[in-house]
Amino acid sequence: TMLAAPAFGTIAGHVRQERLAQRLADMGRIGATVKGGVNRPALSREDGLARALLASWAAARGFSVETDGIGNLYVRRAGSDPALAPVMTGSHLDSQPTGGRYDGVYGVLAGFEVLEALEDAGLPTRHPVEVVAWTNEEGSRFQPYCMGSALFAGKMDLEMVLGCTDPQGVTVRDALAQTLALAPAMPVRPFGGPAAAYVEAHIEQGPRLEAEDRTIGVVSGIQGSRWFQVEVTGQEAHAGTTPHGARKDAFQAALRMVSALNDLMADPDDIVRCTFGRFEVLPGSPNTVPGKVIFTIDFRHPDAAMVKARGDAITPLIQALAAPCTVAVKETSTTSPVDFDPAVIDAVRAAAVGLGYSHMDMPSGANHDAKFMAPRCPTGMIFIPCRDGISHNEVEYASPGHCHAGAAVLAETLYRLAR
Ligand code: HGY
Ligand code: MN
Ligand code: MN
Ligand code: MN
C-alpha cells in the first residue's frame, strides 16, 4: 500500500544550493575556455575526464557506477526493492565546441544532487534512482546526436555508431576506447535495461522563462528534427583563366542550394528552424575555384506532418540544383516530435506548485536525451531559465538560485516516482 505522499519539501529541504554550485564549478573547469565556456567534445579527453570526475564523486558517496557499450555512465542509489526498475534522471557531459557550463551538465549534476539529498535525508526509495551521463548528446563532433540515449532505447545499431567518424576521420570506436581508459573500469550493462520513469532537468536554452519571469518550465514535449550532411563536388580550377561557363564551382552550386532551401523554409510565423551550422569551402584558396563544399542542415518543426513533408523535400531540391557539379546528401539524424507523459508532466507541475515556484507549461525547441526515453518509459523534463535565453555559447549562464530550484523540483518529482 502506498503511504500518503510526504509533504513537499521533505526531500527538497536537503537539496543544497552551494554544493550544487560547487560541483557545477568543478565540472566547468574541465575543458574550460578562455571566454568562460567549455569545449568538451563527445569522447574527447575532456569528456573522459568529466566522466571520471563524476564516477569519483559517486564512489565517494557510496553510489554504484556502471557503463555500457557506448560509455553511458549510470550512477545508482540502491532501492529497497532491487527487483523494481530504476527511476532515472540525467543528461550529458559533452558540449558544443564553444559551449556553456550548464547545457547538459546541469541535468547530470542536478540529478546527482538529488541522490545526495536522498542520502543526507536518510530517505529510502523502493525503486533504485539512477543518474545517467549519456554519451554524445550534442552530435557536434560525431553525428548522429544522442548516440548514448538512442542505443539505450534500442533506436540505433551499435556497429553503425562505432563506425561513425569525426571530421578528422577518428572513429567513435577509437575515441570511446580512449575515453573509457580515463576512468576506473566499471561493470558493463547491456542496452535496453528497464526504466520506471525518466525526468531530465535542463536549462531552457531559450528566452521564454526569463521573459515571463517564471522559475520552472514544465516541459510538454520536444519538436522533431532532421539533420543532413551535403557534399557538393565540382572541379578545382584557376580563378584567372577559367571562364565561368566552363566552371564546376562547388560554392556557386551550394549557394543555389542554400538560397532555394531558405525559400522552402520561409515561414511568416517563424516556427520553422533551419540552420546551416557547418559550411566548408575547399580548398579555401582565394585563387582556386572551389572544388568541394561540405555543409550541414539542421531542420526542425513541432508538427510531425511538416517534419515529414518539408524534410522529404530537402534532398530532391538539392539534387536538382547540383549541375554541373555532383552532390551527395546524407540524412544523419531523424527524430519525430515527442509528447511527454501526462502523469510526469503533472508530477513536475505539482512539485513546482508544492514548492512555491512560479512555472509555465512549454514545449522544448532543443533536442534532449529525453526524446529517446519518451517511447521507453513515462518521461518528462524540467527547465530552468538561462540568462538572455543564450545557449550553445560560452556566455551561457543560469543563476545558483534557479539551479537550486530546478534540482528541488527534480528531487520531489523523482522521490514521488521512486518511493
Ligand atoms: O541541438 C540541440 O537541440 C541540443 O541542444 N543539443
Ligand atoms: Mn543539452
Ligand atoms: Mn546542446
Ligand atoms: Mn540533452
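Refer to the preceding data block for the structure.
Given the structure is predicted, the values throughout are model-derived calculations rather than measurements.

## Observations regarding the pattern of salt bridges
For the structure on display, the rule yields 23 salt bridges. Between E18 and R16 there is a salt bridge, and its shortest N-O distance comes to 3.0 Å. Here R416 ties to E412 by a salt bridge, and the two come within 2.6 Å at their closest N and O atoms. One end of the pair is R416 and the other is E412, both in helix 13 (residues 400-418) and 4 residues apart, which spans about a single turn. Overall, the relative accessible area of 21% leaves R416 in the partly exposed class.

## A look at the site of ligand 1
Close to ligand 1 lie E137, E138, Q205, R300, A366, N367 and H392. Here a nitrogen atom of ligand 1 and a side-chain polar atom of E138 are 2.9 Å apart. Relative to its unbound accessible area of 210 Å², ligand 1 is 93% covered by the protein chains.

## Observations concerning the coordination of the manganese ion (ligand 2)
Here the manganese ion (ligand 2) is held by the protein donor atoms H92 (NE2), D103 (OD) and H202 (NE2), which lie 2.1 to 2.3 Å from it. We note that the donor set of the manganese ion (ligand 2) lies within a single chain, spaced as H-x10-D-x98-H. When its relative accessible area of 0% is taken as the criterion, H92 is described as buried.

## Observations concerning helix 6 (residues 172-180)
Each turn of an α-helix holds 3.6 residues, which means side chains three or four residues apart point in the same direction. Taken as a whole, helix 6 has its buried residues at V172, A175, L176 and T179. Seen end-on, helix 6 carries its buried residues on one side only, within an arc spanning 100°. Buried-residue contacts for helix 6 involve helix 2 (45-60), helix 4 (147-152) and helix 5 (158-163).

## Some words on the packing of aromatic side chains
All chains considered together, the criterion is met by 11 aromatic pairs. Taking the centre distance of 4.7 Å and the plane angle of 75° together, the rings of Y145 and W227 count as edge-to-face. Within this pair, whereas Y145 is found in the loop between strand 4 (129-134) and helix 4, its partner W227 is found in strand 7 (residues 224-233), the two being separated by 82 residues in sequence. Summarising the burial analysis for this pair, Y145 and W227 share the class buried. Between F279 and F295, the ring centres sit 5.3 Å apart and the planes meet at 20°, which makes this aromatic pair stacked. Of this pair, F279 sits in strand 10 (residues 279-282) while F295 is found in strand 12 (residues 292-301), placing the two residues 16 residues apart along the sequence. A residue is classified by how much of its surface remains accessible, and F295, at 0% relative accessible area, is buried. Three or more aromatic residues joined by ring pairs form one cluster here, namely Y74, W134, F152 and Y198. If you follow R23 out to its NZ or CZ, it ends over the ring of W57, 4.5 Å from the centre.

Basis of the calculations
Residues numbered from 1 in each chain as written. Chains lettered and ligands numbered in written order. Predicted model: local features only at pLDDT ≥ 70, side-chain atom pairs only at ≥ 80, totals over all residues. Heavy atoms only, no water. Salt bridge = Lys/Arg side-chain N within 4 Å of Asp/Glu carboxyl O. Helix = DSSP H or I, 4+ residues; strand = E, 2+ residues; numbered from the N terminus. Buried < 20%, exposed > 50% of the residue type's maximum accessible area, 1.4 Å probe, protein only. Near = heavy atom within 4 Å. Polar contact = N/O pair within 3.5 Å; in protein donor to acceptor, adjacent residues only side chain to side chain. Areas by Shrake-Rupley, 256 points an atom, 1.4 Å probe, with all protein chains shown as cover. Donors = N, O, S within 2.8 Å, 3.2 Å for Na, K, Ca; no water. Arc of directions from axis to C-beta. Contact = heavy atoms within 4.5 Å. Phe/Tyr/Trp six-rings, centres within 6.5 Å; stacked < 30°, edge-to-face > 60°. Lys NZ or Arg CZ within 6 Å of the ring centre and 35° of its normal.

Just distances and angles here, no functional claims.
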